[in-house]
Amino acid sequence: MRRVICFGLLVLLIVVSLSSCTAIKKTYSVDLIVKTTNSEFWASVYDGAKAAGAEYNIDLRFLGPSKEEDHHVQVSIIKQSIQQNPDAIILAASDYHLIAEPVEIAVESKIPVILVDSGVNSDKWTSFVSTDNYKAGEVLAQEIEKRVGGSAEIVVISFVKNSLPSLERTAGFSDYINDKTEMKIVEIVYCDSDIDKAEQLTVEILQKYPEVQVIAGLNAQSATGAARALEKLERSDIFLAGIDCTVEEADYMEQGILDVAVLQNPYLMGYFSVETAYNVLTGKRVERNIHTEVYVIDKENMFSEEYLRLIFPFY
Amino acid sequence: MVRFIHRILHRIKTMLPPNLRWNSLLVVMSFSTTFIAVVAVLMITFAMNNRFNASIDRTTEQNNTQIVDNVSDSIDSYLKEIRSVSDTISNLLINYNPEKVFNFYHLVLRDDIDTIAVFDAQGELVMKTDSRNLKENVDIKRQNWFRSVAPGSRMYMFTGPHVQRLYKGEYRWVISLSTGVEWTDGENKHQGVMLVDLNFNNIEEMCSKELGEKGYLYIIDKNGELIYHPRQQMIYAGIKDKTIPIASALDDGSEIIKRDGDRILISVKTLRNADWRIVGVSPLNGLFAYDAELRIFISLIVISVVLLIIFLSVIVSFFITSPMYRLMRLMGKVEEEKFNTYYVARGVHEVKELSFAFNQMVYKIKRLMEQIVEEQQLLRKSEMKLLQAQINPHFLYNTLDSIMWMAESGDQKNVVKMISALAQFFRLSLSGGYDTILVADELKHVENYLIIQKMRYNDQFDYEITYDEAVLQCKTLKIVLQPIVENAIIHGVANLPYKGKITINAGVRQDRLFFKVIDNGFGIRPEKLDNILEEKPTTRSGMGVYNVNKRIQLMYGAEYGLQFESQPDEGTTVSIILPLAK
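Structural notes, computed from the coordinates. Source: prediction; values computed, not measured. Every chain is numbered on its own, with residues counted from 1 as its sequence reads. Here chains are named by letter from A upward and ligands by number from 1 upward, in the order in which they appear as written. Reporting in this predicted model follows two pLDDT cut-offs: at least 70 for local features of residues, and 80 or more for side-chain atom pairs to be given and counted; totals over whole chains, interfaces and linings ignore these cut-offs and use all residues. Hydrogens and water molecules were not included; the side-chain quantities draw on all heavy atoms of the structure.

**Regarding the sheet that holds strand β9 (residues 239-243) of chain A**
Residues and elements named next belong to chain A.
Move 1: In this analysis, strands are considered paired if DSSP registers two or more bridges between them. Every helix listed is a DSSP run of H or I at least four residues long, and every strand listed is a run of E at least two residues long, numbered separately from the N terminus. Strand order in the open sheet formed by six strands is β7-β6-β8-β9-β10-β12, with mixed pairing between adjacent strands. Edge positions in the sheet fall to β7 (184-190) and β12 (295-298), since each of these pairs with one other strand and no more. Recorded for the sheet is a direction-independent mean angle of 20 degrees between the axes of neighbouring strands.
Move 2: Here six bridges tie strand β6 (residues 153-158) to β7, and the two strands are oriented parallel to one another. From the neighbouring strand, S158 faces β7, where its bridge partner is Y190. To get an axis, a line is fitted to the C-alpha atoms, and for a helix only the part in contact is used. The angle between two axes follows their N-to-C directions and goes from 0 to 180 degrees.

Written as structure tokens, this is what we have:
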């Protein structure tokens, strides 16, 4: 028996010395495919992703259409990415239904897909890093109730009809307004994440519903467009609430045009998505849903140390 | 499962040749030497790794300390430079000469300074070095940089990073140097605050020094608040750098911190021109993370050394054990009584010695065997001679002649007595071919002989036979007494002028069986007595005595045999000493 143990020890020693050779850190290649590369929000996601990439030795490619509504462009970008056979794909789906197929193709090609921000109509993805969008909509509604209240009329400017965040935020917002308050949503419009269209829509809304007191822009572009319109029309009396806060919006907030914003943490989303990809690639267990926090900012607290850091990217 | 493995092992064990069994010397030696050597190699590798790591630690520490020193020097002089810009402007400002200030500023125009502006004590803009307009609703008095120095105090203060919001649509991260300034505008003395906003261009560049493979530099203030970090936005977004609280608790210098199994070297240096501390952080991963190629190289060396050791230990063990297995095979042959085998010594010294001893042993055994064969042959030969002596024609003729004379003289009684004695004498001489007979039979044999001889020598002598009852059932070599008695008669008592006497005594002394044949004859001369058993005698009866001694010694060894004691004209005592055997 003792001999067997000795032999076992010997084998162990050899195995240990062999395995020490193979434990060399690998560099992974990961494609980050976002809705559009022309956006402050996605630049911030990319920044976070780059930071995590440096931390975990990951070669990151930042891909995406130049316009968010170009769903088909995103589909072809995903397909090209699959051709390149990266170790993982981190994807922000611009359309809930249309992007489901390429996600499944990627997973069939043994490429794990981590979703960031926006989901797809498939369950083949490995992990989903996002803001809790329903909650973001809900929080926004709560803030409006707190600051305006009463039986105010609300117009919602949502962004892309078939994207999951849009659907969820709208749902969270409407559910709260309809169930918990006296306020009324008079219309929900979609700006397709186009600032000019949002601006145009705001002008139209103000003509169509002169009684409207509150405009809720459910993403950066919606709120920015609305703020531009309100500035031009000098209608800072309209309560403008938004989700996300770009630097331009921060300016509007300082001026008092944008009254409240629910902040996401796109940098952290980017960071977590790459970290999750790394954990998937190194065989660690990952959570299927990872939510980042939302924060409420207004003119009073926007320059506090905590929110300053989230609103204005440090370059 | 364990039983299954045991069965497999047992199967393997029985299939292997004997020198490959688990407990064979070859396997035991190979394994133990390999094991020891591997342990030694690994220990050496480990020790060397530790030494190497320690020296890497030292080098890294020296390196980092130096880099941190250099960076803090350059940041120090950078801050000093900014202060001197501020000083120059405040000096130019004393007489409120905005022209000079502009001229100076255009001389020093630099892209790391975002804004130079002077505000009065109420926070109203006095002058600016560039033409950008301030935002309308900006409330200077509420801003930290403005509040951090008293207007006109000539004090300096560097703020931490903050977003400057003087201009519309511009929100830049800057570090502000506030200086309390004074100036005289005609008769009026004014007090205010000068703002110099620095962007991070230069600081970033100065902190981008390589600090090992994964090391980095950052700046904190004395409270541990972050001034600059290469991953500033990451920290702002909520991913903490765990080294910041550690570094803020450390004094200037370097320290190795163990955290979550990682060793991190942290070097800290406090600046002279601000309450800032430069922190250099580099993970100490040691030799094996230092260089992947080196790691592979060392691992390969270790593996090849281990393989070499296994190979060598098997070779050495084989070299040592194979002559032993040859020796073992030869011993097997010796067991089969093939004594002409010998071993040609090869291999290690001890095995050579062993084989030499083995050869000696085989040679001795061979000699002994030959000796035994020789002795047996001698024994047979002397027995044959003995028998020949018994059936000596002279003795038979003389006896028969005596019988004839007795018969002629009508001495019928003595004829019967003699013939019966003769018959018994011969019967006992043969004694069924056995070498040993009962002492009782031996005594009877010699008595028959004495009866015959006494009659033949006309009662020239008397005889007496005494014995311990106990010895009668003991065994003795046959026909040891008769040749002695024959000698005693012929050389002792036969020609005595008076009547001779022969006494035979059998008993036990010192656990040995002994016979004594005592006569009162002429005795033996001392010079003859000394070597009576050594020289081969010439007479027939002398030959008989010699043969008895030889037979006893061949049978039982040199410690047994005959002893002579004799006094001339007094008589002779011959002792026959034999082992006591039932």
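**Some words on the pairing of strand β1 (residues 28-33) of chain A**
Residues and elements named next belong to chain A.
Move 1: The buried fraction of β1 is high, at five of six residues.
Move 2: Pairing analysis gives six bridges linking β1 to strand β2 (residues 58-63), with the strands arranged parallel. From the neighbouring strand, Y28 faces β2, where its bridge partner is I58.
Move 3: Handedness of the crossover is the feature at issue here: the chain leaves β1, passes through helix α2 (residues 40-56), returns alongside β2, and the resulting connection is right-handed.
Move 4: In the sheet, β1 pairs with strand β3 (residues 88-91) via four bridges, with the strands oriented parallel. Among the inter-strand pairings, D31 is bridged to a residue of β3, identified as I89. Between buried and exposed lies partly exposed: a residue is buried under 20% and exposed over 50% of the maximum accessible area for its type, with that area taken using a 1.4 Å probe on protein chains only. For the handedness criterion, the strands are oriented away from the viewer, and a crossover whose path from the first strand over the helix to the second runs clockwise is classed as right-handed.

**A word on the sheet that holds strand β8 (residues 226-228) of chain B**
Residue and element names in this part refer to chain B.
Move 1: Spatial strand order, β8-β7-β11-β10-β9: five strands in an open sheet with antiparallel pairing. Both outer strands of the open sheet, β8 and β9 (253-259), are each paired with one neighbouring strand and no more. Taking each pair of neighbouring strands and ignoring which way they run, the sheet shows an average axis angle of 35 degrees.
Move 2: On the sheet, helix α2 (residues 25-93) packs against β7 (216-221), β9, β10 (262-270) and β11 (276-284) and is oriented at approximately 30 degrees with respect to β10. Note on definitions: a residue-residue contact is assigned when non-hydrogen atoms from the two residues lie within 4.5 Å.

**Describing a positive patch on the surface**
Move 1: On the surface, a cluster of positive charge is made up of K381, K385, K536 and K550 of chain B.
Move 2: Given the relative accessible area of 37%, K385 of chain B is considered partly exposed. Each patch is assembled from residues with relative accessible area greater than 30% and no salt bridge, linking like charges that lie within 9 Å and nonpolar side chains (Val, Leu, Ile, Met, Phe, Trp, Tyr) that lie within 5 Å. Using a 1.4 Å probe, the Shrake-Rupley method yields the accessible areas, and only the shown protein chains count as cover for residues. Think of a salt bridge as a Lys or Arg side-chain nitrogen and an Asp or Glu carboxyl oxygen that are within 4 Å of each other. Only four residue types enter the charge count, namely Lys and Arg as positive and Asp and Glu as negative; His and the chain termini do not. Charged groups are reduced to one reference atom each: NZ for lysine, CZ for arginine, CG for aspartic acid, CD for glutamic acid.

**Regarding the packing of helix α11 (residues 393-408) of chain B against helix α13 (residues 439-456) of chain B**
All names here are of chain B.
Move 1: Where α11 meets α13, the axes come as close as 10 Å, and the angle between the chain directions of the two elements is 60 degrees. Accordingly, the angle class assigned to the pair α11 and α13 is oblique. For α11 against α13, the interelement crossing comes out left-handed. On α13, the residues that touch F395, N398, T399, S402 and M406 of α11 are Y449, I452, Q453, M455 and R456.
Move 2: Amino acids outside the nonpolar list (Ala, Val, Leu, Ile, Met, Phe, Trp, Tyr, Cys, Pro) and the charged list (Asp, Glu, Lys, Arg) are all regarded as polar, and Gly is one of them. Within the contact of α11 with α13, the residues separate by chemical class into five nonpolar, four polar and one charged. Roughly parallel means an angle under 35 degrees; roughly antiparallel, over 145; roughly perpendicular, 65 to 115; everything else is oblique. Take the far helix as the reference: if the near one is turned anticlockwise from it by less than a right angle, the crossing is left-handed, and if turned clockwise, right-handed.

**Notes on the environment of I257 of chain A**
All names here are of chain A.
Move 1: Summarising the element assignment, I257 is placed in the loop between α9 (247-255) and β10 (258-263).
Move 2: A residue is classified by how much of its surface remains accessible, and I257, at 6% relative accessible area, is buried.
Move 3: Dropping the residues within four chain positions of it, I257 is found in contact with A227, L230, E231, S236, I238, L240 and Y252.

**Points about the packing of aromatic side chains**
Move 1: Note on aromatic contacts: the rings of Phe and Tyr and the six-membered ring of Trp form a pair at centre separations within 6.5 Å, being stacked when their planes are under 30 degrees apart, edge-to-face when over 60 apart, and tilted otherwise. Scanning the model with the defined rule gives 25 aromatic pairs over all chains in all.
Move 2: On the basis of an interplanar angle of 65 degrees and a centroid distance of 6.2 Å, the ring pair of Y295 of chain A and Y307 of chain A is categorised as edge-to-face. Of the two residues, Y295 of chain A sits in strand β12 while Y307 of chain A sits in helix α11 (residues 305-311), which places them twelve residues apart along the sequence. Considered together, Y295 of chain A and Y307 of chain A belong to a single accessibility category, that of buried residues.
Move 3: Ring plane angle 35 degrees and centroid distance 5.5 Å describe the contact between F395 of chain B and Y449 of chain B, whose orientation is recorded as tilted. Here the residue F395 of chain B occupies a position in helix α11, and Y449 of chain B occupies one in helix α13, the gap between them amounting to 54 residues. For the pair shown, F395 of chain B and Y449 of chain B are each scored as buried.
Move 4: Site record: aromatic cluster; members linked through ring pairs are F314 of chain A together with W173, F200, Y228 and Y236 of chain B.
Move 5: One residue, R165 of chain B, lies across the ring of F303 of chain A, its end atom 3.5 Å from the ring centre. Sitting over a ring, as applied to charges here, requires NZ of Lys or CZ of Arg to be within 6 Å of the ring centre and within 35 degrees of the ring normal.

**Comments concerning unusual backbone geometry**
Move 1: Here D192 of chain A, not a glycine, exhibits a phi torsion of approximately 55 degrees, which is positive.
Move 2: Within the fold, D192 of chain A resides in the loop between β7 and α7 (195-208).
Move 3: Using a relative accessible area of 28% as the deciding quantity, one classes D192 of chain A as partly exposed.
Move 4: Positioned with a positive phi, D459 of chain B is a non-glycine residue whose angle comes to about 55 degrees.

**Regarding helix α6 (residues 164-180) of chain A**
Think of an α-helix as 3.6 residues a turn; residues three or four steps apart then line up on the same face.
Residues and elements named next belong to chain A.
Move 1: Compared with the 24 Å implied by 1.5 Å per residue over 17 residues, the 23 Å span of α6 between its first and last C-alpha is a close match.
Move 2: When we look at burial in α6, the residues that qualify are L164, P165, S166, R169, T170, G172, F173, S174, Y176 and I177.
Move 3: Among the structural elements, β5 (127-131), α5 (133-147), β6, β7, β8 (214-217) and β9 are those in contact with the buried residues of α6. One fewer than the residue count of a helix, multiplied by 1.5 Å, yields its expected span.

**Digging into the pairing of β7 of chain B**
All names here are of chain B.
Move 1: Counting buried positions along β7 gives five out of six residues, so the element sits mostly inside the fold.
Move 2: Across two bridges, the pairing between β7 and β8 is antiparallel. The partner of I220 across the bridge, within β8, is L226.

**A word on α2 of chain A**
Move 1: The terminal C-alpha atoms of α2 of chain A lie 24 Å apart, and with 17 residues this matches the ideal 24 Å at 1.5 Å per residue to within 8%.
Move 2: By the criterion of burial, α2 of chain A is predominantly enclosed, with twelve of the 17 residues buried.
Move 3: Along α2 of chain A, the positions that sit buried rather than exposed are F41, W42, S44, V45, Y46, D47, G48, A49, A51, A52, G53 and Y56 of chain A.
Move 4: Buried residues belonging to α2 of chain A abut β1, β2, β4 (113-116) and α10 (266-281) of chain A together with α6 (232-237) of chain B.
Move 5: Under the rule applied, a polar contact is a pair of N or O atoms within 3.5 Å (in protein, one hydrogen donor and one hydrogen acceptor; residues adjacent in sequence only if both atoms are side-chain atoms). Backbone nitrogen of F41 of chain A and a side-chain oxygen of the N-cap are separated by 3.1 Å at the start of α2 of chain A; the cap is S39 of chain A.
Move 6: Downstream of α2 of chain A by one or two residues, N57 of chain A has phi in the positive range, about 60 degrees.

**Looking at the pattern of salt bridges**
Residue and element names in this part refer to chain A.
Move 1: Counted according to the given criterion, the structure contains 31 salt bridges over all chains.
Move 2: Across the salt bridge formed by K208 and E187, the nearest N and O atoms sit 2.8 Å from each other. Remark: E187 occurs in strand β7 and K208 occurs in helix α7; sequence separation between them is 21 residues.
Move 3: Judged by its relative accessible area of 53%, K208 is exposed.
Move 4: Note on E187: relative accessible area 23%, which makes it partly exposed.

**Overview of the side chain of T246 of chain A**
Residues and elements named next belong to chain A.
Move 1: Tracing the backbone shows T246 in the loop between β9 and α9.
Move 2: Accessibility expressed as a relative area gives 14% for T246, which makes it buried.
Move 3: Apart from the residues lying within four places of it in its own chain, the contact partners of T246 are E40, A220, T224 and I311.

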